[in-house]
Structures are given as structure tokens and as C-alpha cells.
Amino acid sequence: MLTLLRNARLKYKFWLLNIVVFAVLCLLVLYAMQTIAGQTGKSFDQVFADTAPGFALMVAVLMVLEMAGSQLLISFIERHVNRLKNTMVDVQSSGNLSQRAVVDSTDELGEMARAFNAMQDRTVAAVRSMQEAIERLHRAVEELPAAAEPRRDDRGREPPGAD
């Protein structure tokens, strides 16, 4: 069960939370009905028949409000997470280190996007540094034969047995 919950998409986790909220509201209504029955001396069935329509309406209104708020939150989080994920996947598949994540919030998702962008900057700097080192090495290798030529000439002019 924990593995299923861990691997479920984010929006389904929110919907599971909505179901839990609905169950809690229903249990609270039943508790309220039982309390009313105990205080009024009426039977639970009588209190249920008298109050169920009003409680049902209130639970419905509260659930609509809760689900609307939940859906707004899901949309916000999912949009930002997917945008960051898509940028990361694009960089991974294309190797384009110039791509950056959009940062338009200061929450944890914005912090993740900024961290990804900083990582991209460090990677670009490391690649640039390696390219510069390779270029210096190539220049040194190209200059090596020219630098060795005068020494070869000097060795050819030495008298035999000068070693």
C-alpha cells in the first residue's frame, strides 16, 4: 500500500486526501447526530431523519469548496513540477546545457528551479574549463615538434662520444 501511495501521481494523492476529508466530515456529522440524540432524548433514527438533509447540504457545500481549493493547489503544483521536469528531460535528451528552468515563485518549487539553473551554470563552466584545457593541450602538442627541432639539430652537431 505504501509503495502504491509513493508511486501514485501527485493529483491522485490529492484526490485520496479529498476522500479522507469527506470520510472525516461524514463521521463528524454522525457524531453530531449522536450527540444531538443524547441531549434531546430522541432516538438516533429520529435525529437522523430530522437533520440529515441539512447536514448533507452542508457537507456537500464544504466538499465542493474543499475540492475546488484542492484542485487549484493541484494545478499549481503539477504545472510547476511538470515544467521543471520537462526542462530537465529536454536537457537530458538534447544535451543542450543552455536551457534553463522558468522561475516564477519563491516556494520550494522555485528553489528547485533555481538550483537546477545553478547546476546548469556550474556544468557549463566545467565543460568550458575542460574545453579550454583541451585547447591548451592541443596547442602544446602542436608546438612540441617545433620546440624539439632545435634540440635535434644541436644533438646532431655534437661531436661523437660527447654523451
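Residues numbered from 1 in each chain as written. Predicted model: local features only at pLDDT ≥ 70, side-chain atom pairs only at ≥ 80, totals over all residues. Heavy atoms only, no water.

**Points about the overall build of the protein chain**
Okay, step 1: Secondary structure summary: the protein chain contains four helices and zero strands in total.
Okay, step 2: If you list the helices and strands of the protein chain from N to C, you get α-α-α-α.
Okay, step 3: Relative to its length of 163 residues, the protein chain is extended, with a C-alpha radius of gyration of 36 Å against a globular reference of 15 Å.
Okay, step 4: Structurally, the protein chain occupies a C-alpha span of about 125 × 30 × 25 Å along its principal axes.
Okay, step 5: Relative to its full complement of 163 residues, the protein chain shows a buried share of 15%. (Helix = DSSP H or I, 4+ residues; strand = E, 2+ residues; numbered from the N terminus. Rg over C-alpha atoms; globule rule 2.2 N^0.38 Å. Buried < 20%, exposed > 50% of the residue type's maximum accessible area, 1.4 Å probe, protein only.)

**Regarding the packing of aromatic side chains**
Okay, step 1: Tallying each qualifying case throughout the model produces one aromatic pair.
Okay, step 2: Considering the side-chain rings of F44 and F48, the 6.2 Å spacing of their centres and the 35 degrees angle between planes classify their relative orientation as tilted. Here F44 pairs with F48, and both are found in helix α3 (residues 44-94), just four residues apart, close to one helical turn.
Okay, step 3: The exposure class of F44 is partly exposed, given its relative accessible area of 29%. (Phe/Tyr/Trp six-rings, centres within 6.5 Å; stacked < 30°, edge-to-face > 60°.)

**Examining the confidence of the model for the protein chain**
Okay, step 1: Put simply, the protein chain has an average pLDDT of 89, and 91% of its residues get 70 or more.
Okay, step 2: Mean pLDDT per element in the protein chain: helix α1 (residues 2-7) is the minimum at 80, and α3 is the maximum at 94. (pLDDT = per-residue confidence, 0-100.)

**Some points on α3**
Side chains of residues three or four places apart in an α-helix project in the same direction, reflecting 3.6 residues per turn.
Okay, step 1: A maximum bend of about 50 degrees is found in α3 at T51, where proline P53 lies one to four positions downstream.
Okay, step 2: Those residues of α3 that sit buried are V47, A52, V59, M63, S70, I74, I77, H80, L84, T87 and V91.
Okay, step 3: Where α3 ends, the next residue or the one after it, G95, has phi of about 75 degrees, a positive value. (Bend = angle between axes of the 7 residues up to and from the residue.)

**Some words on the packing of helix α2 (residues 10-40) against α3**
Okay, step 1: Between α2 and α3, the shortest axis-to-axis distance is 9 Å and the interhelical angle comes to 160 degrees. Taken together, α2 and α3 sit at an angle that is classed as roughly antiparallel. Relative to α3, the crossing made by α2 is right-handed.
Okay, step 2: Here the residues of the contact of α2 with α3 sort into 24 nonpolar, six polar and three charged. (Axes fitted to C-alpha atoms, helices over the stretch in contact; angles between N-to-C directions. Parallel < 35°, antiparallel > 145°, perpendicular 65-115°, else oblique. Left-handed = near helix turned anticlockwise from the far one by under 90°. Nonpolar A, V, L, I, M, F, W, Y, C, P; charged D, E, K, R; others polar.)

**A few points about the pattern of salt bridges**
Okay, step 1: Taken as a whole and judged by the stated rule, the model has three salt bridges.
Okay, step 2: Across the pair D50 and K42 runs a salt bridge whose closest N-O atoms are separated by 3.6 Å.
Okay, step 3: We classify K42 as partly exposed; its relative accessible area is 43%. (Salt bridge = Lys/Arg side-chain N within 4 Å of Asp/Glu carboxyl O.)

**Concerning the nonpolar core**
Across soluble globular proteins, you tend to see nonpolar side chains buried next to one another.
Okay, step 1: Membership of the largest hydrophobic core is limited to eight residues, which are L25, V29, M33, A37, V47, A52, V59 and M63.
Okay, step 2: Mapped onto this core, the elements with two or more residues apiece are α2 and α3.
Okay, step 3: Every residue in contact with L25, bar those within four places of it in the chain, is listed here: V59, L62 and M63. (Core = buried A, V, L, I, M, F, W, Y, C linked by side-chain atoms within 4.5 Å. Contact = heavy atoms within 4.5 Å.)

**A closer look at a nonpolar patch on the surface**
Okay, step 1: Together, L2, L5, L16, L17, I19, V20, V24 and L28 make up a nonpolar patch on the protein surface, roughly 720 Å² of accessible area in all.
Okay, step 2: Every element with two or more residues in the nonpolar patch is listed here: α1 and α2.
Okay, step 3: It is α2 that contributes the most residues to the nonpolar patch, six residues altogether.
Okay, step 4: Structurally, L17 is set in helix α2.
Okay, step 5: With relative accessibility at 45%, the residue L17 sits in the partly exposed group. (Patch = residues over 30% accessible without salt bridge, like charges linked within 9 Å, V, L, I, M, F, W, Y side chains within 5 Å. Areas by Shrake-Rupley, 256 points an atom, 1.4 Å probe, with all protein chains shown as cover.)

**Things to note about the environment of R100**
Okay, step 1: Positionally, R100 belongs in the loop between α3 and α4 (108-157).
Okay, step 2: The class for R100 is partly exposed, based on a relative accessible area of 31%.
Okay, step 3: Measuring from C-alpha to C-alpha, the distance between R100 and A118 comes to 9.1 Å, with 18 residues separating the pair along the chain.
Okay, step 4: If near-sequence neighbours (up to four positions away) are discounted, R100 is found in contact with T87, N117, Q120, D121 and V124.
Okay, step 5: A distance of 2.6 Å separates the side chain of R100 from the backbone oxygen of L97, its partner in a polar contact.
Okay, step 6: Within the structure, R100 has its side chain in polar contact with the side chain of D121 (distance 2.6 Å). (Polar contact = N/O pair within 3.5 Å; in protein donor to acceptor, adjacent residues only side chain to side chain.)

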